[in-house]
Structure formats: C-alpha cells, structure tokens
Amino acid sequence: MEIQLDILQSLGVAIIAYMLGVFIKKKVMFFQKFFIPSPVIGGLIISIINLILKQNGLGFFKFDDIIQDFFMNIFFTCIGLACSFKVLKKSGWLGIKLAIAIILLLPLQNILAVGLAKAMGINPLHGVAMGSTSMTGGIGSAVSFGKIMEGYGATNNTSIGVAAATFGMLIGSLVGGPVAKRLIRVHNLKSAGAQIANIKEKNINQINQKNLMDAIVVIALASFLGTFINKLLAFTNLNFPYYVGCQFGGLITRNIYDLLKKDSHIDNIEVLGNISLNLFLSLALINLNISAMLGLALPMFVIMIAQAIFIAIYTSLVTFNLTSRDYDAAVMVAGHCGVGLGQTPNAIANMEAIIEKEGPADVAMFVLPIVLAIAVNLFNPLVITFFINFLK
C-alpha cells in the first residue's frame with residue numbers, strides 16, 4: 001500500500017533524516033574522513049527503512065516531488081550566482097588552462113561509462129548516470145538528470161546515479177593524494193612557499209534579517225530570469241533539466257551586479273544555497289529506490305573502478321601538463337581527482353592534505369575553486385544533455 005505524504009509531511013521526514021545524518025556523522029569518523037554529507041547518511045537510512053516496510057507488505061511512503069524540485073532549483077540558482085567572471089579573470093592564463101582540462105574530462109567520463117555499459121549489456125543511459133553526471137556533477141546532478149533519463153526508459157536511473165556519486169565521494173578522497181604525491185616525487189617538485197597574500201576578496205556581511213532578505217531578493221530575481229531562459233532552451237529541442245535555466249539566470253544576474261559594482265550578497269547567498277542543498281539532498285535520498293541498485297551492483301562496481309583508474313591517468317597526463325608541471329600543478333591534480341570523482345569538499349581536502357605535508361600552494365588553492373565553480377557548472381549540464389539526447 002502506497003502512503004502519499006504531502007509537502008509539509010515530506011519536509012518533516014527530510015528534516016528528521018538530516019538530523020539523523022548529523023548525529024551519526026558526529027559519531028562515526030569514517031563519514032567525516034570521506035566527507036559524506038549528513039543528508040546522504042540520514043536519507044539512505046530512511047530509504048532502507050522504507051524498503052524494509054515495502055518488502056514486508058507494511059506499506060510504502062511516497063514523498064512529494066514539488067518541494068524537492070523547489071530546493072534543487074534554488075540551490076542551482078545560488079551556484080550560478082557564484083560564477084563571477086570578474087573573479088575568474090584574476091586567475092589568468094593558468095585558470096583558462098585548468099578550465100580546459102576540467103571541461104575535456106567531462107565527455108571522456110561519459111564515453112568511458114557508456115562504452116562499458118554497452119559492453120555489459122545495460123542501458124547506455126545508465127552509463128551517462130555513472131559518467132560526468134554523478135562523477136564530476138555529484139548527487140545533485142544525478143538526481144536532476146536521472147529524472148530525465150528515467151523518462152527515456154532508463155528505469156531507476158536516479159538511484160543508480162546517486163549510488164555512483166556516493167561511491168565517487170569515497171574514491172575521490174582516496175585517489176587524489178597518491179596521484180599528486182607520485183608526481184611530486186617523480187618530478188622532484190618543491191613548494192615555493194606562501195606567495196599570495198589576501199588574494200581572495202570577499203565581503204562578509206553579518207547574517208541578519210535585512211541581509212538575508214537582500215540575498216533572497218537576488219536569488220528570486222535570478223531564478224525568475226531563469227524561467228525565461230528555460231523557455232529559450234526549449235527551442236533547442238534538447239531536454240534540459242529545469243535547474244539549468246535557473247543556474248544561467250544566476251550567472252547572468254551575478255555578472256550584472258559585478259558590472260554595476262553592486263553588492264550581490266554572495267556570502268549570504270552561499271548560506272542559503274547550502275541550506276537548500278541540505279534540504280534538497282534529504283528529500284532526494286529519502287525517496288531512493290534502494291532495491292533498484294542491487295541488480296546492477298557488479299556493472300556499477302566495474303564502471304566506478306574504471307573511472308577511478310581513468311581519472312588518475314588523465315590528471316597525471318593532461319591536468320598536470322596543462323597547468324605548468326610545477327608543485328602547484330601537482331596540488332591541483334589532487335583537487336581535480338577529488339572533484340572529478342566526488343565533490344568540491346573532496347577536492348579541497350585532497351589539496352590540504354598535500355599542503356600539510358609538502359608546503360603551501362597558494363596559487364592552486366586560489367585558482368582551483370574558482371575555475372571549478374564556473375567550468376563544471378557551465379559546461380557539465382551541456383555535455384550531459386548532449387549525451388542523453390544522442391543516446392535516448
């Protein structure tokens with residue numbers, strides 16, 4: 001028996017999942033070490049409980065989708081608002097070369113995953129879900145694009161993508177460090193010490209009602225603009241997820257604010273974006289179909305291991321050589337491995353682990369997060385959409 005929960009009931013369960021995840025993460029060092037988000041931990045537990053109830057004929061909870069989509073679109077609007085071309089210019093030619101390395105990886109991840117999926121006789125769209133959708137894109141991308149691929153017959157694609165992204169966060173934290181350390185050892189690279197002082201410019205606004213309201217106004221305007229961008233994207237005959245328009249709306253709004261030299265309240269926007277992400281992930285994970293992943297466990301494992309090996313080779317040959325072949329380049333390789341398999345926290349943690357042992361890498365720590373925010377979030381949705389429409 002399916003039990004349909006309304007918006008507030010679904011939000012309530014998602015909040016419980018989040019609180020449960022926070023509690024467990026505090027107690028279990030493994031989850032802290034590999035940066036597994038609290039909503040993922042709690043949400044998976046709720047999904048497993050829901051599966052057990054269903055398997056024993058005790059009922060099955062179906063959660064509301066509208067509120068999940070709302071928080072997803074707000075989160076990606078905030079991501080777009082972080083894409084400042086003014087800040088990107090400060091990274092110079094090195095930032096452009098790093099962006100090229102990041103963008104080139106996206107289609108290659110999909111080609112690898114789709115090729116292996118076809119070789120193992122599974123739907124190639126599941127390969128897309130285990131390619132740049134979940135690897136570089138992360139859980140949010142896996143959920144949003146998973147719905148589109150399910151519409152083209154790739155049953156339970158969302159659950160597969162989320163599982164791949166979760167596995168990627170574990171692997172991403174394991175691969176980056178050894179790859180970078182090998183490059184440092186082989187090429188005898190040394191840290192140049194602290195070279196950049198106070199290079200990051202950030203206006204820290206106190207969080208209060210007025211500043212939060214100002215940030216909400218910017219987000220609302222950006223997402224409103226995004227709705228019209230979605231209408232334009234519809235003319236391309238490509239099936240973009242709704243959040244893409246919101247993300248581009250955020251990008252345009254942020255750079256208009258920069259051009260007019262107005263405060264975009266980006267620090268408060270980041271706070272609201274992180275809150276939206278936590279709620280979005282909680283809602284997405286409590287609604288996972290765990291049973292769907294069990295039948296594809298072996299193909300998923302093969303593809304994930306192949307992705308890990310591939311990115312270790314790719315970053316050593318492409319990212320390292322494009323970004324000057326010095327110590328900072330090796331540190332950026334560690335970061336690229338982290339985000340290419342996991343998410344930005346994995347990238348930063350990989351870089352900090354190298355820096356703690358080998359010395360400062362100020363250029364890498366400044367350039368990589370900026371370039372990631374723009375290159376991945378601008379180009380990955382386009383790459384994923386191309387592969388979906390090519391394979392559907």
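- Taking an unreviewed UniProt entry as the reference, the chain is identified by name as Sodium/glutamate symporter belonging to Anaerococcus octavius.
- Entered under Subcellular location (unreviewed entry) in the UniProt record, the comment concerning the chain runs "Cell membrane".

1. Details of the packing of aromatic side chains
Inference 1: Taken as a whole and assessed by the stated rule, the structure comprises nine aromatic pairs.
Inference 2: Measuring from centroid to centroid gives 3.8 Å for Phe76 and Tyr243, while their planes differ by 20°, and the two rings are stacked. Taken together, the residues span a long stretch of sequence, with Phe76 in helix 4 (residues 66-81) and Tyr243 in helix 11 (residues 242-259) at a distance of 167 residues.
Inference 3: Take Tyr243: its relative accessible area is 2%, and that puts it in the buried class.
Inference 4: Taking 5.9 Å as the distance between ring centres and 85° as the angle between the ring planes, the aromatic pair formed by Phe145 and Tyr243 counts as edge-to-face. One end of the pair, Phe145, is in helix 8 (residues 138-151); the other, Tyr243, is in helix 11, with 98 residues separating them in the sequence.
Inference 5: In this structure Phe145 comes out as buried when scored by relative accessible area, which is 0%.
Inference 6: Through successive ring pairs, a cluster of aromatic residues spans Phe75, Phe76, Phe145 and Tyr243.

2. Concerning a nonpolar patch on the surface
Inference 1: A contiguous nonpolar patch, built from Met120, Leu298, Phe301, Val302, Ile305, Ile309, Ile313 and Leu317 and spanning about 720 Å² of accessible area, is present on the exposed surface.
Inference 2: Examined against the element boundaries, Ile309 turns out to sit in helix 14 (residues 297-322).

3. Focus: unusual backbone geometry
Residues apart from glycine generally show negative phi values, whereas peptide bonds are mostly found in trans.
Inference 1: One non-glycine residue, Asn188, lies in the positive phi region at around 50°.
Inference 2: On the basis of relative accessible area, Asn188 is assigned to the exposed category, the value being 56%.

4. Thoughts on the packing of helix 4 against helix 8
Inference 1: Contact pair helix 4 / helix 8: the axes reach a minimum separation of 11 Å and the direction vectors enclose 125°. In terms of orientation, helix 4 and helix 8 fall into the oblique class. Crossing handedness for the pair helix 4 and helix 8: left-handed. Residue-level inspection shows Gln68, Asp69, Met72 and Phe76 of helix 4 in contact with helix 8, the latter providing Gly140, Ser141, Val143, Ser144 and Lys147.
Inference 2: A class-by-class count of the residues in the contact of helix 4 with helix 8 yields three nonpolar, four polar and two charged.

Cut-off values and rules
Residues numbered from 1 in each chain as written. Predicted model: local features only at pLDDT ≥ 70, side-chain atom pairs only at ≥ 80, totals over all residues. Heavy atoms only, no water. UniProt positions renumbered as here; feature names shortened; annotations may be inferred. Phe/Tyr/Trp six-rings, centres within 6.5 Å; stacked < 30°, edge-to-face > 60°. Helix = DSSP H or I, 4+ residues; strand = E, 2+ residues; numbered from the N terminus. Buried < 20%, exposed > 50% of the residue type's maximum accessible area, 1.4 Å probe, protein only. Patch = residues over 30% accessible without salt bridge, like charges linked within 9 Å, V, L, I, M, F, W, Y side chains within 5 Å. Areas by Shrake-Rupley, 256 points an atom, 1.4 Å probe, with all protein chains shown as cover. Salt bridge = Lys/Arg side-chain N within 4 Å of Asp/Glu carboxyl O. Axes fitted to C-alpha atoms, helices over the stretch in contact; angles between N-to-C directions. Parallel < 35°, antiparallel > 145°, perpendicular 65-115°, else oblique. Left-handed = near helix turned anticlockwise from the far one by under 90°. Contact = heavy atoms within 4.5 Å. Nonpolar A, V, L, I, M, F, W, Y, C, P; charged D, E, K, R; others polar.

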